[in-house]
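Examining the three-dimensional arrangement
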Amino acid sequence: MNRLGPQRAIVDANHAAPCSVVWLETIGEYESDDLMADLRKTSKFLSYVLRHCPEEIGIELGDGGWVEVDTLLNQAAQHGKSISRELLDRVVRENDKQRFAISEDGRRIRANQGHSVDVDLGLEPRTPPNTLHHGTVERFLAPIAADGLDRGARRHVHLSRDRETAESVGQRRGAPIILRIDAAAMHAAGHEFYLSENGVWLTDHVPPQYIEFPK
Ligand code: HQG
């Protein structure tokens, strides 16, 4: 499993740090009196190991980013994170963005998108909606205008069909600025698009000529 570059793991919106540093922040109890807090913490932990730093608990992501649930839970427990199967299933079922999927036989789990480790999700190229959206913040506008949208530490650039989703993505970093992407023109020019299981549109790079910046 190759990492895309040194020190490029991202655990949440505002955070880029090497695995071992971020690891310290994920330490905590996963079963408390506060179910919502448990779900949130467990979701962050799962994002961390299933998207960015599996080696931190001694697991490897297999084809498509899948991991045996038993292996994940055993290894997590051995690293001080005891999560019940029940809590795990609840996180997968109730996660606000449907970030994770369990295989049909119930034995494997993966993150639906957002990886920084080098996994092939096995998604088929799809025809995108004519327009897609990307939420960002002011300070990135000049480099985006120059270079286009880069995938950065992740496997893909993340785009959304609706504007509201882009607003909440941008908001993680400050006042959101919404870019409109001419996906139809990109697609016609041969750029490939993928749709993750949880409805995120993915592509490798968006050149600046396909981006409409707000006036
Ligand atoms: C910006 C969350 C400078 C880009 C969200 C963004 C999403 C550039 C940041 C998912 C640039 C990358 C992904 C360039 C792009 N120069 N900055 N050329 N090109 N950028 O986190 O799209 O909650 O990797 O605008 O909801 O913000 O984790 O990508 O601000 O779905 O499940 O560089 O992560 O999902 O940031 O978010 P990110 P993103 P989860």
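This part is about the overall build of the protein. The helix and strand inventory of the protein stands at 7 helices and 9 strands. Within the protein, the fraction of its 215 residues that count as buried is 31%. Counting contacts in the protein only where the partners sit at least 6 residues apart, residues at least 24 apart contribute 73% of the total.

As a structural note, the neighbourhood of the ligand is formed by 19 residues, with Thr136, Phe140, Pro143, Asp150 and His158 the closest of them. Residue contributions to the shell around the ligand peak at 3 residues, all from helix H5 (residues 141–147). For the shell around the ligand, a count of residues per class yields 8 nonpolar, 5 polar and 6 charged. Domain assignment of the residues forming the shell around the ligand places at least three in each of domain 1 (1–114) and domain 2 (131–212).

Here we come to the sheet that holds strand E1 (residues 67–68). Strand order in the open sheet formed by 3 strands is E1-E3-E2, with antiparallel pairing between adjacent strands. What marks the edges here is a single partner per strand, and that holds for E1 and strand E2 (100–102). Pairing of E1 with strand E3 (residues 108–111) involves 2 bridges; the strand directions are antiparallel. Looking at the pairing, glutamate 68 lines up with arginine 108 of E3. Packed onto the sheet, helix H2 (residues 35–52) meets E1, E2 and E3 and runs at close to 90 degrees relative to E3.

Attention now moves to the sheet that holds strand E5 (residues 157–159). Spatially, 3 strands are ordered E5-E8-E7 in an open sheet, and the strand pairing comes out antiparallel. Lying at the two open borders of the sheet, with one neighbouring strand each, are E5 and strand E7 (194–195).

This brings us to helix H6 (residues 163–171). Residues Ala166, Val169 and Gly170 constitute the buried set of H6. For H6, the arc enclosing every buried residue in end-on projection is 95 degrees, short of the 170-degree limit, so these residues lie on one face. Check the buried side of H6 and you find it contacts strand E4 (131–136) and strand E6 (177–182).

Counting 20 residues, the largest nonpolar core has Leu46, Val49, Leu50, Ile59, Val67, Leu72 and Phe100 as its most contacted members. Among the elements of the structure, H2, helix H3 (69–78), helix H4 (85–94) and E3 are those that each provide at least two residues to this core. Sort the elements by how many residues they give to this core and H2 lands first, with 5 residues.

Once that is clear, we can look at the environment of isoleucine 83. You can see isoleucine 83 is positioned in the loop between H3 and H4. Taking the C-alpha atoms as reference, isoleucine 83 lies 9.6 Å from leucine 72; in sequence the two are 11 residues apart.

In this section: H2. Helix length check: H2 (18 residues) gives 25 Å between terminal C-alpha atoms against 26 Å at 1.5 Å per residue, within 8%. When H2 is considered as a whole, its buried residues turn out to be Asp38, Lys41, Thr42, Phe45, Leu46, Ser47, Tyr48, Val49, Leu50, Arg51 and His52.

Reading the values: the criteria
Residues numbered from 1 in each chain as written. Predicted model: local features only at pLDDT ≥ 70, side-chain atom pairs only at ≥ 80, totals over all residues. Helix = DSSP H or I, 4+ residues; strand = E, 2+ residues; numbered from the N terminus. Buried ≥ 20, exposed ≤ 12 C-beta atoms within 10 Å, placed from the backbone. Contact = placed C-beta atoms within 7 Å. Near = placed C-beta within 6 Å. Nonpolar A, V, L, I, M, F, W, Y, C, P; charged D, E, K, R; others polar. Domains from an automatic or database assignment. Pairing = 2+ DSSP bridges. Axes fitted to C-alpha atoms, helices over the stretch in contact; angles between N-to-C directions. Arc of directions from axis to C-beta. Core = buried A, V, L, I, M, F, W, Y, C linked by C-beta atoms within 7 Å. Expected span 1.5 Å × (residues − 1).

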